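Chain residues, written in single-letter form:
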Amino acid sequence: MTTNNNIRNLFLFVLLVLIQILFLDNINIHGTLNPFIYPLFILLLPINTVHWQSIVAGFLIGFVVGVFDSSPGIHAASGVFLGFIRPFVLNLIKPKGGYKDDSIPKIKELGLLWFIVYFSLTLLLHHTFLFFTEIASVNNISYTFAKIILSTIFSLLCSILALYLFSSNSTKNK
Amino acid sequence: MNKILLLLIRYNGFILFVLLEFLCAYIISINSNYHLVSLLNSSNFISGSLYNISNNTGDYFKLSKINDSLAVENARLMTQAKNVYFKNEFILKTQTNNYQQVYTFIESKVINNSTTKFNNYITLNKGNSDHIKPNMGIISSKGIIGITKSCSDKFTSAYSLLHQDIKISAKLKNSNYFGTISWQGHDPNVVSLSEIPKHVILNIGDIVETSGYSALFPKGIKIGVIKDIKLLQGESYYDIDVALAEDLNNIDYVYIVNYLMKDEQINLERANDDQ
C-alpha cells in the first residue's frame, strides 16, 4: 500500500470509530436498535486489497468499536466475518466489464444502485452474524430476525448518507 | 512439505478467518459469563447427544444382562421400601423424625465414563429437567459412583469417585469408626481410607460403607472391603487400601441421591464453621 493509502485508511478508521462511539452508539430506536457505521471501513477498502488484509482490518476496527461498547469480542468477530466475505460479495455483484479501477469504490464510477446492493448485502450478513453471536441461542428467533432487518435498514441509511458526505468531500477537493 | 505450504498460502484468507474467529470466541467467553455458559452448554449438548446416540445403539446388545440386574435391584428396593414404610408409621405416631433421613433416588444411565486419567468424569443422561442439581451423590446397586458437577437441561457432568478432589466420608460397618475415602490415582479398583486411628482392630475383608455424615450419601451404602492395612512407624492412623465394591469400568444404571433435608443440614453445619 502506498503512503497516501495508509494515511487515508488511518483517517477513515479514526473518523468512523469516533462517529460510531460518540454519536451512533447513543441512538437507540425503541431502546434496542442502533446503526453501525464502522463496517464502512472494510467496505470502502480498495477493491484489490489482499484477503488477509481485509480480515485483519475487520478485526481491528471491530475490536476498537467493541471496546467502547463492552463487547470487544462480538464486534471483532463480526468484523472478521465481514472482511472474510467481502471478496466473495464483490465477485458476486461485479459490474459487466469488471471493476474498471482497482481502487476505492466510488459513486461516480459504479453508480448509486451498485452501492445500495453492495451495502445491503454486506450489512445484512454482518448484522446477522453480529446479532446471532450476541444472543448466542435460537430462542426468540423472531425477535433476532426483526432486529437484524430493522438494524440493517437503519445502518444502510446511515452508510449511504456517510458515503455521500465522504465522496462529495473528495469531489469538492478536486 | 512444499505442498502443505502452498495449500496454506492458497487458503490463507480462510485459515486466518478461522483463527481470528477462535480468538474472538475466546475474547467473548472471558468477558461475558453468559456467552461462556452458552458455549459450554451447547458443546455439552452436542457431545451429550452424540454419546446418547452411540449408547442407544449399543443398548440392544446388553438387554438381557440389564434385565437380570434390574430384577435384583427391584427385590432389594422392595425390602427397603417396607422398612421405610415401617419407619414412617413409627414416626407419624411419635411425631419425631430423629431417626429418619429422607432420601429419594433418581435413576439415570451413564453415557460417558473414564477411569484411566488422573481426574475422571462421568456423563449422565438426566439433567435439570429431572431435578438434578450440582453436588448430589451418585450410587449404583453395588456401591458409590461419584458426585454431580454441573447440569444442563438434559445431561449432567459428574466427578467420578476416581477424581483427586472427591473425598467421601466413610465408616467401618462393624463399628462406628469413621474416616475419609479418596482415590490415589493408580488403581481404578482401589481407594484409600484414612483417619482410622491405630488402636482400632481391623481385619482384611471388613466392609467399609458410607457414614451418612455428609449431605451427599445416605448411611450404609457399601463402598468396598478392606484389602490391605499398613501402619507406618510413628504414624497414629492406619493407611488402608479398600477394594471397591463397584467396578467403575463397568457401570451402566446409576441412582442420583436427592437428600430432601440437605439445605437444613448444610446450613446447620455451616454455623459450626462460622463460630
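Each value, and the rule that gives it
- Residues numbered from 1 in each chain as written.
- Chains lettered and ligands numbered in written order.
- Predicted model: local features only at pLDDT ≥ 70, side-chain atom pairs only at ≥ 80, totals over all residues.
- Heavy atoms only, no water.
- Helix = DSSP H or I, 4+ residues; strand = E, 2+ residues; numbered from the N terminus.
- Buried < 20%, exposed > 50% of the residue type's maximum accessible area, 1.4 Å probe, protein only.
- Contact = heavy atoms within 4.5 Å.
- Areas by Shrake-Rupley, 256 points an atom, 1.4 Å probe, with all protein chains shown as cover.
- Patch = residues over 30% accessible without salt bridge, like charges linked within 9 Å, V, L, I, M, F, W, Y side chains within 5 Å.
- Salt bridge = Lys/Arg side-chain N within 4 Å of Asp/Glu carboxyl O.
- Axes fitted to C-alpha atoms, helices over the stretch in contact; angles between N-to-C directions.
- Parallel < 35°, antiparallel > 145°, perpendicular 65-115°, else oblique.
- Left-handed = near helix turned anticlockwise from the far one by under 90°.
- Nonpolar A, V, L, I, M, F, W, Y, C, P; charged D, E, K, R; others polar.
- Expected span 1.5 Å × (residues − 1).

Observations regarding the overall build of chain B
Along chain B, the regular secondary structure elements total 5 helices and 12 strands. Among the 275 residues that make up chain B, the fraction classed as buried is 37%. Across chain B, the fraction of contacts at a sequence separation of at least 24, relative to all contacts at a separation of at least 6, is 59%. Only carbon and sulfur atoms are counted for the fraction: they give 58% of the accessible area of chain B, which is about 17000 Å².

Digging into a nonpolar patch on the surface
All names here are of chain B. A surface patch of nonpolar side chains, amounting to about 930 Å² of accessible area, comprises M1, I4, L5, L7, L8, Y11, F14, I15 and L19. Mapped by element, the contributors of at least two residues to the nonpolar patch are α1 (2–10) and α2 (12–31). No other element matches the 4 residues that α1 contributes to the nonpolar patch. Tracing the sequence through the fold places L7 in helix α1. Taking the relative accessible area as the measure of exposure, L7 reaches 53% and is therefore exposed.

Overview of the packing of helix α1 (residues 3–22) of chain A against helix α3 (residues 51–67) of chain A
To characterise two packed helices, one gives the angle between the axes of the helices and the distance between these axes. Residues and elements named next belong to chain A. Between α1 and α3, the shortest axis-to-axis distance is 10 Å and the interhelical angle comes to 30 degrees. In terms of orientation, α1 lies roughly parallel with respect to α3. The interaxial crossing formed by α1 with α3 has right-handed handedness. Listed contacts from α3 to F13, L16, V17, Q20 and I21 of α1 are L60, I61, V64 and V65. The class makeup of the residues in the contact of α1 with α3 is 8 nonpolar, 1 polar and no charged.

Here we look at unusual backbone geometry
Residues and elements named next belong to chain B. For H131, which is not glycine, the phi dihedral falls at a positive 65 degrees. Following the sequence through the fold, H131 ends up in the loop between β2 (121–124) and β3 (137–139). Of the residues examined, H131 reaches a relative accessible area of 56% and is grouped as exposed. Here the phi dihedral of N135 falls at roughly 65 degrees; this positive angle occurs in a residue that is not glycine. Relative to the helices and strands, N135 resides in the loop between β2 and β3.

Structural notes on helix α3 (residues 33–59) of chain B
Look at α3(B): 37 Å from first C-alpha to last across 27 residues, which is about the 39 Å you get at 1.5 Å a residue. Listing the buried residues of α3(B) in full gives H35(B), S38(B), G48(B), N55(B) and D59(B).

Brief notes about the pattern of salt bridges
Residue and element names in this part refer to chain B. Inspection of the entire model under this criterion finds 8 salt bridges over all chains. Taking the shortest distance from any N to any O, the salt bridge between K109 and D252 comes out at 3.5 Å. Of this pair, K109 sits in strand β1 (residues 103–112) while D252 is found in the loop between β11 (239–244) and β12 (253–259), placing the two residues 143 residues apart along the sequence. Residue D252 is classed as buried on the basis of its relative accessible area, which comes to 15%. Via salt bridges that share partners, D59, K62, K109 and D252 belong to a single interconnected network.

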